Amino acid sequence: MRRPLVNLASALLMAPFLVAPSAPAVALTSDQQQEAINFTAANAAFFAYHEAAHALIATLNLPVIGREEDAADMLAASIMIPAEGGDDTRDQKIMDAIDGFALVDGLAGESPGEEDYMDEHGLDAQRYYQLACLLYGSDPDGFAEYAEAIGLTEDRLSSCPDEYKRATQSWQRLLAPYQPKGGASNAFNLAWDPQVRGQRWTQAVKQARALDQVVADLNSRVFLPKPITMTVTACGDEVNAWWDPESQSITICAELIELFGNAVEEDILAQGDDANDSRDDTSGSTGKMGSKGGAAPSGGTGKKIGGKSASDPDGVTFTVEKK
Ligand SMILES: [Zn+2]
């Protein structure tokens with residue numbers, strides 16, 4: 001069974017983002033455009049890794065202790081989080097992916113309802129903080145400022161290094177027997193449905209080769225007896241991504257990529273409007289942060305998302321679904 005990514009009310013709420021055929025009246029500068037593309041690409045990469053984790057768990061019959069959704073997030077994070085002293089450009093990618101949970105959570109304008117609490121996924125806010133904790137835990141000195149801006153408490157931070165270590169080592173250990181010998185495998189393939197040609201953010205992600213990088217990363221880590229194809233396609237009304245065990249394939253809807261692109265574009269434009277305002281203002285902004293270059297975010301989102309999840313009823317739980 002595959003559940004929809006968003007409930008009906010949320011889908012309607014998001015409809016303006018989904019059907020927006022072109023850029024808004026106020027255009028992004030070229031730097032902002034690049035920022036938005038990078039952000040969208042990082043989020044597309046995150047849910048591609050997430051779905052790949054479901055595929056690996058199913059096809060390799062890997063043991064999962066705890067929620068599979070959390071395990072899938074941890075694989076995505078452990079691949080995207082750069083090794084200490086590694087490639088700095090990867091810092092921004094994982095921060096953008098983490099911010100994606102705040103961004104889409106902010107689109108809902110409402111808090112979780114009963115259905116969200118019983119969902120197999122953690123709440124967006126929980127996934128946001130959990131991923132931020134893992135990032136901090138990968139390099140506590142390097143991400144101290146980031147963690148502070150996010151609003152993670154000292155109490156929470158104290159366990160993050162161990163959690164990061166446990167998450168990465170667990171996945172490494174599970175995948176160790178399937179390491180490809182003699183170079184990369186062809187465990188995962190990427191396919192683009194020609195019908196996605198019209199979607200501008202999806203097209204930009206394609207040109208940035210963000211998902212090619214995901215496939216290359218995965219293929220450097222794992223060998224599978226039967227290759228799995230990851231297809232980016234137009235899904236119509238569906239805003240989703242999923243692993244389908246019957247067809248042994250991963251589908252990523254262009255609509256999901258468009259959702260992120262349109263939302264971050266709106267957010268960047270709103271930030272421009274609010275340039276002189278306090279970032280504590282929770283109106284308008286969807287809570288993106290950390291995508292302005294550099295490791296330290298401007299802050300504010302942590303407070304916003306924390307307050308929201310604590311008090312409001314019902315809303316979009318942005319969750320990458322699986323069948
Ligand atoms: Zn999932």
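Here the structure is a predicted model, which means the values were calculated and not measured.

Novice: Whenever I open this one, the overall build of the chain confuses me. Can you help?
Specialist: Along its length, the chain carries 13 helices and four strands. Partitioning the intrachain contacts of the chain with sequence separation of at least 6 by distance along the chain shows that 73% fall at a separation of at least 24.

Novice: Help me out: how do you make sense of the environment of Glu163 in this one?
Specialist: Among the structural elements, Glu163 can be located in helix α9 (residues 160–175). Residue classification places Glu163 among the partly exposed positions, given that 16 C-beta atoms sit within 10 Å. Taking C-alpha positions, Glu163 is 9.9 Å from Met74, a pair spaced 89 residues apart along the chain. With near-sequence residues (within four places) excluded, Glu163 lies in contact with Cys133, Leu134 and Gly137.

Novice: Got a minute to help me understand the sheet that holds strand β4 (residues 249–253) in this structure?
Specialist: Strand order in the open sheet made by the four strands is β1-β2-β4-β3, with mixed pairing throughout. One side of each edge strand has no neighbouring strand; the edge strands of this open sheet are β1 (188–192) and β3 (241–244). Direction aside, the axes of adjacent strands within the sheet are offset by 20° on average. Here β3 pairs with β4 via four bridges, running antiparallel. Bridge assignment links Asp244 to a residue of β4, and that residue is Ser249. Contacts between helix α2 (residues 30–59) and the sheet are confined to β1, β2 (228–233), β3 and β4, with β3 contributing the most and set at about 20° to the helix. On top of the sheet, helix α11 (residues 210–221) reaches β1 and β2; it is set at about 165° to β1, its chief contact.

Novice: What exactly am I supposed to notice about helix α12 (residues 254–273) here?
Specialist: Along an α-helix, a turn takes 3.6 residues, which lines up residues three or four apart on a common side. For α12, spanning 20 residues, the distance from its first C-alpha to its last is 29 Å, which sits close to the expected 28 Å at 1.5 Å a residue. Burial of α12 is extensive: 16 of the 20 residues sit out of reach of the surface.

Novice: So what exactly am I meant to see when it comes to α9 here?
Specialist: Compared with the 22 Å implied by 1.5 Å per residue over 16 residues, the 23 Å span of α9 between its first and last C-alpha is a close match. Among all positions in α9, only Cys160, Tyr164, Ala167, Thr168 and Trp171 are buried. One face of α9 carries all of its buried residues, which in axial projection span an arc of 85°. Opposite the buried face of α9, at more than 90 degrees from it, the exposed residues are Asp162, Gln169 and Arg173. Structurally, α9 contributes buried residues whose contacts are with α3 (68–80), α6 (124–138) and α8 (154–157).

Novice: I would appreciate a short explanation of the pairing of β2 in the present structure.
Specialist: The two faces of the sheet receive side chains in turn, since in a regular strand these alternate between them. Only one face of β2 is covered, namely the face carrying Ile228, Met230 and Val232; the face carrying Thr229, Thr231 and Thr233 is uncovered. Where β2 lies against β4, five bridges are found, and the strand directions are parallel. Residue pairing for β4: Met230 is matched across the bridge by Ile250.

Novice: How should unusual backbone geometry be read in this particular structure?
Specialist: Where the residue is not glycine, phi is negative for most of them; where a peptide bond is considered, it is trans in most cases. The phi angle at Asn61 is positive, at roughly 50°, despite the residue not being glycine. Relative to the elements of secondary structure, Asn61 occurs in the loop between α2 and α3. Residue Arg209 is not a glycine yet carries a positive backbone phi of 60°. Within the secondary structure, Arg209 sits in the loop between α10 (200–208) and α11.

Novice: Which parts of the structure should I look at to understand the environment of Leu157?
Specialist: With respect to the helices and strands, Leu157 occurs in helix α8. With 19 C-beta atoms packed within 10 Å, Leu157 lands in the partly exposed category. Remark: the alpha-carbon pair of Leu157 and Ala144, spanning 13 residues in sequence, is separated by 9.4 Å. Beyond its immediate sequence surroundings of up to four residues, Leu157 is in contact with Tyr136, Ala147 and Leu152.

Novice: Would you explain the confidence of the model for the chain in this entry?
Specialist: Here the chain averages 79 in pLDDT, while 75% of its residues score no lower than 70. Within the model, pLDDT remains below 50 along residues 1–21, and this stretch shows 31 contacts once partners closer than five positions in the same chain are excluded. Predicted confidence for residues 276–323 stays below pLDDT 50, and this span has 128 contacts to residues more than four positions away or in other chains.

Novice: How should the packing of α2 against α12 be read in this particular structure?
Specialist: For any two helices packed against each other, the geometry is given by the interaxial angle and the distance between the axes. Following both chains from N to C, one finds α2 and α12 inclined at 145°, their axes separated by 9 Å at the closest point. Read as a crossing pair, α2 and α12 show a hand that is right-handed. In contact with Gln32, Glu35, Ala36, Phe39, Thr40, Asn43 and Ala44 of α2, α12 contributes Ile257, Phe260, Gly261, Val264, Glu265 and Ile268. Tallied by class, the residues present in the contact of α2 with α12 amount to seven nonpolar, four polar and two charged.

Rules and cut-offs
- Residues numbered from 1 in each chain as written.
- Predicted model: local features only at pLDDT ≥ 70, side-chain atom pairs only at ≥ 80, totals over all residues.
- Helix = DSSP H or I, 4+ residues; strand = E, 2+ residues; numbered from the N terminus.
- Contact = placed C-beta atoms within 7 Å.
- Buried ≥ 20, exposed ≤ 12 C-beta atoms within 10 Å, placed from the backbone.
- Pairing = 2+ DSSP bridges.
- Axes fitted to C-alpha atoms, helices over the stretch in contact; angles between N-to-C directions.
- Expected span 1.5 Å × (residues − 1).
- Arc of directions from axis to C-beta.
- pLDDT = per-residue confidence, 0-100.
- Left-handed = near helix turned anticlockwise from the far one by under 90°.
- Nonpolar A, V, L, I, M, F, W, Y, C, P; charged D, E, K, R; others polar.

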